[in-house]
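Chain by chain, the residues:
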Amino acid sequence: MDILLIAVGEVEIKVIEMLKYDLNKAFGKQVLVGKGMPRPDYAFNKKRNQYLSTAILKAMMEKKEYAVYEKILGIIDDDLYVPKLNFVFGEAGQRVAIISLTRLRNEFYNLPKDQTLFRKRVLTEGVHELGHTYGLVHCRNPHCVMFFSNSLIDTDVKGPDFCRKCKPR
Ligand code: ZN
Ligand code: ZN
(Lines give C-alpha, C1' and ligand atoms only; values in the text may rest on other atoms or scores of the structure.)
(Ligands and ions follow the chains in the order given, each with its own letter.)
Protein backbone atom coordinates (compact mmCIF):
# COMPACT_ATOMS: atom_id res chain seq x y z
CA MET A 1 0.00 0.00 0.00
CA ASP A 2 2.36 2.65 -1.17
CA ILE A 3 1.10 5.93 -2.58
CA LEU A 4 -2.55 6.94 -2.77
CA LEU A 5 -3.59 9.73 -5.15
CA ILE A 6 -6.80 11.58 -4.47
CA ALA A 7 -8.65 14.43 -6.12
CA VAL A 8 -9.62 17.29 -3.83
CA GLY A 9 -12.66 18.83 -5.47
CA GLU A 10 -13.03 18.47 -9.21
CA VAL A 11 -9.91 17.33 -11.03
CA GLU A 12 -9.70 15.97 -14.56
CA ILE A 13 -9.32 12.19 -14.35
CA LYS A 14 -6.85 12.34 -17.25
CA VAL A 15 -4.43 14.35 -15.13
CA ILE A 16 -4.70 11.92 -12.23
CA GLU A 17 -4.08 8.91 -14.46
CA MET A 18 -1.09 10.65 -16.01
CA LEU A 19 0.41 11.42 -12.61
CA LYS A 20 -0.28 7.90 -11.39
CA TYR A 21 1.75 6.49 -14.28
CA ASP A 22 4.58 9.03 -13.93
CA LEU A 23 4.90 8.70 -10.12
CA ASN A 24 5.04 4.93 -10.39
CA LYS A 25 8.01 5.29 -12.73
CA ALA A 26 9.66 7.97 -10.60
CA PHE A 27 9.45 6.16 -7.23
CA GLY A 28 9.14 2.54 -8.31
CA LYS A 29 6.26 2.22 -5.86
CA GLN A 30 2.68 1.14 -6.32
CA VAL A 31 0.43 4.15 -6.93
CA LEU A 32 -3.32 3.86 -6.46
CA VAL A 33 -6.15 6.26 -7.09
CA GLY A 34 -8.52 6.60 -4.15
CA LYS A 35 -11.94 8.11 -3.64
CA GLY A 36 -11.61 11.87 -3.77
CA MET A 37 -12.63 14.52 -1.28
CA PRO A 38 -15.29 17.19 -1.89
CA ARG A 39 -14.35 20.80 -2.56
CA PRO A 40 -12.70 21.99 0.68
CA ASP A 41 -14.95 24.92 1.56
CA TYR A 42 -13.56 24.90 5.12
CA ALA A 43 -10.16 25.92 3.71
CA PHE A 44 -11.37 28.72 1.45
CA ASN A 45 -10.23 32.27 2.14
CA LYS A 46 -12.66 34.65 0.52
CA LYS A 47 -10.36 37.67 0.68
CA ARG A 48 -7.52 35.85 -1.03
CA ASN A 49 -9.71 33.67 -3.26
CA GLN A 50 -7.37 30.80 -2.37
CA TYR A 51 -7.45 27.64 -0.28
CA LEU A 52 -5.33 27.13 2.82
CA SER A 53 -3.29 24.02 2.03
CA THR A 54 -2.53 23.27 5.69
CA ALA A 55 -6.26 22.91 6.45
CA ILE A 56 -6.68 20.45 3.58
CA LEU A 57 -3.70 18.37 4.76
CA LYS A 58 -5.30 18.17 8.19
CA ALA A 59 -8.58 16.93 6.68
CA MET A 60 -6.67 14.33 4.65
CA MET A 61 -4.91 13.11 7.81
CA GLU A 62 -8.25 12.64 9.54
CA LYS A 63 -9.74 10.45 6.80
CA LYS A 64 -9.80 6.91 8.18
CA GLU A 65 -10.08 5.29 4.75
CA TYR A 66 -6.72 6.80 3.77
CA ALA A 67 -4.94 5.60 6.91
CA VAL A 68 -3.76 2.27 5.49
CA TYR A 69 -1.65 3.93 2.81
CA GLU A 70 1.98 4.88 3.35
CA LYS A 71 1.66 8.28 1.63
CA ILE A 72 -1.30 10.25 0.34
CA LEU A 73 -1.01 12.90 -2.34
CA GLY A 74 -3.94 15.22 -2.96
CA ILE A 75 -4.43 17.04 -6.24
CA ILE A 76 -6.47 20.22 -6.39
CA ASP A 77 -7.34 22.43 -9.33
CA ASP A 78 -7.59 25.58 -7.22
CA ASP A 79 -4.96 28.00 -5.98
CA LEU A 80 -3.31 27.25 -2.62
CA TYR A 81 -1.69 29.44 0.00
CA VAL A 82 -0.10 29.41 3.40
CA PRO A 83 0.09 32.53 5.59
CA LYS A 84 2.98 34.86 4.68
CA LEU A 85 3.27 33.54 1.12
CA ASN A 86 1.34 34.80 -1.92
CA PHE A 87 0.76 31.23 -3.05
CA VAL A 88 2.25 27.74 -2.87
CA PHE A 89 2.53 25.06 -5.54
CA GLY A 90 1.98 22.52 -2.80
CA GLU A 91 2.56 21.58 0.81
CA ALA A 92 3.61 18.42 2.62
CA GLY A 93 3.37 16.88 6.06
CA GLN A 94 4.86 13.56 7.19
CA ARG A 95 2.34 11.35 5.46
CA VAL A 96 0.14 13.61 3.41
CA ALA A 97 0.89 16.16 0.71
CA ILE A 98 -1.02 18.25 -1.77
CA ILE A 99 -0.25 19.95 -5.07
CA SER A 100 -2.20 22.58 -6.98
CA LEU A 101 -2.58 22.47 -10.76
CA THR A 102 -3.63 26.11 -11.13
CA ARG A 103 -0.21 27.71 -11.59
CA LEU A 104 1.29 24.82 -13.56
CA ARG A 105 -0.64 25.66 -16.73
CA ASN A 106 0.81 28.06 -19.26
CA GLU A 107 -2.66 29.56 -19.65
CA PHE A 108 -2.45 30.97 -16.10
CA TYR A 109 0.32 33.26 -17.38
CA ASN A 110 -1.45 34.00 -20.68
CA LEU A 111 0.95 31.73 -22.56
CA PRO A 112 -0.10 29.14 -25.15
CA LYS A 113 -1.20 25.77 -23.81
CA ASP A 114 1.58 23.16 -23.60
CA GLN A 115 0.43 19.75 -22.44
CA THR A 116 3.93 18.20 -22.37
CA LEU A 117 5.25 20.95 -20.15
CA PHE A 118 2.17 20.78 -17.93
CA ARG A 119 2.66 17.04 -17.44
CA LYS A 120 6.31 17.54 -16.50
CA ARG A 121 5.40 20.28 -14.01
CA VAL A 122 2.70 18.17 -12.35
CA LEU A 123 5.19 15.34 -11.91
CA THR A 124 7.89 17.72 -10.65
CA GLU A 125 5.64 19.19 -7.97
CA GLY A 126 4.24 15.76 -7.09
CA VAL A 127 7.72 14.28 -6.63
CA HIS A 128 8.82 17.35 -4.65
CA GLU A 129 5.98 17.17 -2.13
CA LEU A 130 6.20 13.39 -1.81
CA GLY A 131 9.95 13.83 -1.33
CA HIS A 132 9.17 15.89 1.76
CA THR A 133 6.95 13.12 3.12
CA TYR A 134 9.93 10.78 2.77
CA GLY A 135 11.93 13.15 4.96
CA LEU A 136 13.80 15.13 2.31
CA VAL A 137 14.42 18.84 2.90
CA HIS A 138 15.03 21.59 0.36
CA CYS A 139 18.15 21.20 -1.75
CA ARG A 140 20.40 24.03 -2.92
CA ASN A 141 20.94 22.46 -6.33
CA PRO A 142 18.60 24.33 -8.76
CA HIS A 143 18.46 21.22 -10.97
CA CYS A 144 17.27 18.96 -8.14
CA VAL A 145 13.56 18.32 -7.69
CA MET A 146 13.93 19.19 -3.99
CA PHE A 147 14.93 22.78 -4.83
CA PHE A 148 12.34 25.26 -3.53
CA SER A 149 10.21 26.76 -6.33
CA ASN A 150 9.44 30.44 -5.95
CA SER A 151 8.14 30.61 -9.48
CA LEU A 152 7.27 28.38 -12.39
CA ILE A 153 10.69 29.10 -13.88
CA ASP A 154 12.26 27.37 -10.86
CA THR A 155 9.95 24.40 -11.40
CA ASP A 156 10.91 24.16 -15.07
CA VAL A 157 14.64 24.43 -14.34
CA LYS A 158 14.67 21.80 -11.61
CA GLY A 159 12.52 19.14 -13.29
CA PRO A 160 11.34 15.88 -11.70
CA ASP A 161 14.72 14.24 -10.99
CA PHE A 162 16.56 14.03 -7.67
CA CYS A 163 20.21 15.06 -7.48
CA ARG A 164 22.63 12.37 -6.36
CA LYS A 165 22.57 13.60 -2.78
CA CYS A 166 18.77 13.58 -2.48
CA LYS A 167 17.96 10.45 -4.44
CA PRO A 168 16.11 8.08 -2.07
CA ARG A 169 18.09 4.87 -1.64
ZN1 ZN B 1 9.32 22.04 -0.65
ZN1 ZN C 1 19.08 17.55 -4.22
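It should be noted that the structure appears before, not after, this text.
Criteria and cut-off values
Throughout this document, residue positions are counted from 1 along each chain, in the order its sequence is written. Lettering of chains starts at A and numbering of ligands starts at 1, both following the order in which they are written. This being a predicted model, a pLDDT of at least 70 is required before a residue's local features are given, and a value of 80 or more before pairs of side-chain atoms are given or counted; all residues contribute to the totals for chains, interfaces and linings. Hydrogens and water molecules were not included; the side-chain quantities draw on all heavy atoms of the structure. What makes a salt bridge here is a side-chain nitrogen of Lys or Arg within 4 Å of a carboxyl oxygen of Asp or Glu, nothing more. Where helices and strands are cited, they refer to DSSP runs of H or I of at least four residues and of E of at least two residues respectively, numbered from the N terminus. Metal sites are built from N, O and S donor atoms within 2.8 Å, or 3.2 Å for Na, K and Ca, and they leave out water, so they may look incomplete. A four-donor site is classed as tetrahedral when every donor-metal-donor angle falls between 85 and 135 degrees; four donors are called square planar, and six octahedral, when trans pairs exceed 155 degrees and all remaining angles lie between 65 and 115, with any other arrangement labelled irregular. Think of it in three bands: with a 1.4 Å probe and only protein chains considered, a residue is buried below 20% of the maximum accessible area for its type, exposed above 50%, and partly exposed in between. A 1.4 Å probe that fits but cannot get out identifies a cavity on a 1 Å grid over protein atoms alone, an open set with protein on both sides within 12 Å along at least five of seven lines counts as a pocket, and a residue lines either if it has an atom within 4 Å of a point. Grid points are joined across faces, edges and corners, and a volume is the space filled by probe spheres set on the points. Gly is put with the polar residues, along with every residue not named as nonpolar or charged; the nonpolar set is Ala, Val, Leu, Ile, Met, Phe, Trp, Tyr, Cys and Pro, and the charged set is Asp, Glu, Lys and Arg. A pair of strands counts as paired when DSSP detects no fewer than two bridges linking them. Every axis in this analysis is a line fitted to C-alpha atoms, fitted for helices over the stretch in contact. Angles between the N-to-C directions lie between 0 and 180 degrees. Residue contacts are defined here by distance: any two heavy atoms, one from each residue, within 4.5 Å place the two residues in contact. To estimate the expected span of a helix, subtract one from its residue number and multiply by 1.5 Å. Regarding the arc, it is the one traced by the directions from the helix axis to the C-beta atoms.

Attention shifts here to the pattern of salt bridges. Counting across every chain of the model gives ten salt bridges. Across the pair E12 and K14 runs a salt bridge, and its minimum N-O distance is 3.7 Å. Salt-bridge contacts for R105 lead to D77; the nearest nitrogen and oxygen are separated by 2.9 Å. Here R105 is found in the loop between β8 (96–100) and α3 (115–133), whereas its partner D77 is found in the loop between β5 (71–76) and β6 (80–81), with 28 residues between them in sequence.

Looking at the zinc ion (ligand 2), one finds its protein donor set to be C139 (SG), C144 (SG), C163 (SG) and C166 (SG), positioned 2.3 to 2.4 Å from the metal centre. Here the zinc ion (ligand 2) binds four donor atoms, and the angle range of 106 to 112° at the metal identifies the geometry as tetrahedral. For the zinc ion (ligand 2), the single-chain donor residues occur in sequence as C-x4-C-x18-C-x2-C. No difference in accessibility class separates C139 from C144, as the two residues are buried.

Okay, the layout of surface pockets next. Taken as a whole, the largest pocket encloses approximately 250 Å³ of empty space. Taken together, 16 residues line the largest pocket, and the ones lying closest to its centre are L85, V88, F89, F148 and S149. Split into classes, the residues belonging to the lining of the largest pocket amount to five nonpolar, seven polar and four charged.

Within β8, five of the five residues are buried, which leaves the element mostly enclosed by the surrounding structure. Every second residue of β8 is oriented toward a common face, with V96, I98 and S100 on one face and A97 and I99 on the other, all of them buried. Pairing geometry for β5 and β8, over five bridges, is parallel. The partner of I72 across the bridge, within β8, is V96. Between the antiparallel neighbours strand β7 (residues 90–92) and β8 lie three residues.

Here the zinc ion (ligand 1) is held by H128 (NE2), H132 (NE2) and H138 (NE2), and the distances to it run 2.0 Å. When the donor residues of the zinc ion (ligand 1) are listed from N- to C-terminus, their spacing reads H-x3-H-x5-H. Pair noted here: H128 is in helix α3 and H138 is in the loop between α3 and α4 (152–158), with a separation of ten residues, a long-range link.

Assignment of secondary structure puts D41 in the loop between β2 (31–33) and β3 (44–45). A relative accessible area of 47% means that D41 is categorised as partly exposed. Sequence separation of D41 and I56 is 15 residues, and the distance between their C-alpha atoms is 9.6 Å.

To continue, consider the sheet that holds β8. The five strands are arranged β2-β1-β5-β8-β7 in an open sheet whose pairing can be described as mixed. In this open sheet, the two edge strands, each paired with only one partner strand, are β2 and β7. Averaged over all adjacent pairs, the angle separating strand axes in this sheet is 20°, with direction ignored. In this fold α3 packs onto β1 (3–8), β5, β7 and β8, with an angle of close to 160° to the strand it touches most, β8.

A separate point is helix α1 (residues 13–27). Since one α-helical turn is 3.6 residues long, residues separated by three or four positions face the same way. Under the 1.5 Å per step criterion, the end-to-end length of α1 is 21 Å for 15 residues, consistent within 8% with the ideal 21 Å. For α1, every residue scored as buried is listed here: V15, I16, M18, L19, D22, L23 and F27. Angular distribution of buried residues about the axis of α1 spans 160°; they occupy a single face of the element. Turned more than 90 degrees away from the buried face of α1 sit I13, K14 and K25, all of them exposed. For α1, the elements touching its buried residues are β1, β2, β5, β8 and α3. Following α1 by one or two positions, G28 adopts a phi angle in the positive range, close to 65°.

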